[in-house]
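Here's the letter readout for the chains.
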Amino acid sequence: MDLFFMGNDMVYYETSKGDFTTEDNERYTAYGIRAYKINGKSKVKLDEINDISVDYEFVNNLANTFNEEKLQIEHFRDVIYDSIDM
């Protein structure tokens, strides 16, 4: 897990997993991304987008790329929306 600094805080992105239901009551598992700020021993969720895709590798690669490229939190949602072409 790569961490980077936001002021005195470190920020990282991680893949999340959730179970969802369609309007037709069909269940499925999808993956999202959470953004966290770490300051010392405290961990605070900055943002989260659930249900990005049912493709784990796609979402996990996005989260890893965000960490590698040190994506600033203010661009988090725009980059995801651009990545899934919303």
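Refer to the structure printed above.
It should be emphasised that the depicted structure is a prediction, and the values quoted were computed from it without experimental measurement.

This brings us to the packing of helix α1 (residues 56–69) against helix α2 (residues 76–83). It is the contact of α1 with α2, at a shortest axis distance of 12 Å, that shows an interaxial angle of 140°. Once α1 is placed against α2, the crossing between them reads as right-handed. Facing α1, whose interface residues are F58, L62 and F66, α2 presents F76, V79, I80 and S83.

So, about unusual backbone geometry. In this structure, N25 takes a positive phi of about 65° despite not being glycine. The topology assignment puts N25 in the loop between β2 (9–21) and β3 (27–39). The backbone phi angle of K70 is positive, close to 55°, even though this residue is not glycine.

Another aspect to go through is the packing of aromatic side chains. In total, this model carries 6 aromatic pairs according to the counting rule given. Ring centres of Y12 and Y36 lie 5.4 Å apart, and the angle between their planes is 25°; on these two criteria the pair is classed as stacked. Here Y36 lies in strand β3 and Y12 lies in strand β2, a separation of 24 residues in the sequence. Each member of the pair Y12 and Y36 is classed as buried. Taken together, the aromatic side chains of Y13, F66 and F76 make up a single cluster linked through ring pairs. Taking NZ or CZ as reference, K43 lies 4.3 Å from the ring centre of Y36, over its face.

What counts and how
Residues numbered from 1 in each chain as written. Predicted model: local features only at pLDDT ≥ 70, side-chain atom pairs only at ≥ 80, totals over all residues. Heavy atoms only, no water. Axes fitted to C-alpha atoms, helices over the stretch in contact; angles between N-to-C directions. Helix = DSSP H or I, 4+ residues; strand = E, 2+ residues; numbered from the N terminus. Left-handed = near helix turned anticlockwise from the far one by under 90°. Contact = heavy atoms within 4.5 Å. Phe/Tyr/Trp six-rings, centres within 6.5 Å; stacked < 30°, edge-to-face > 60°. Buried < 20%, exposed > 50% of the residue type's maximum accessible area, 1.4 Å probe, protein only. Lys NZ or Arg CZ within 6 Å of the ring centre and 35° of its normal.

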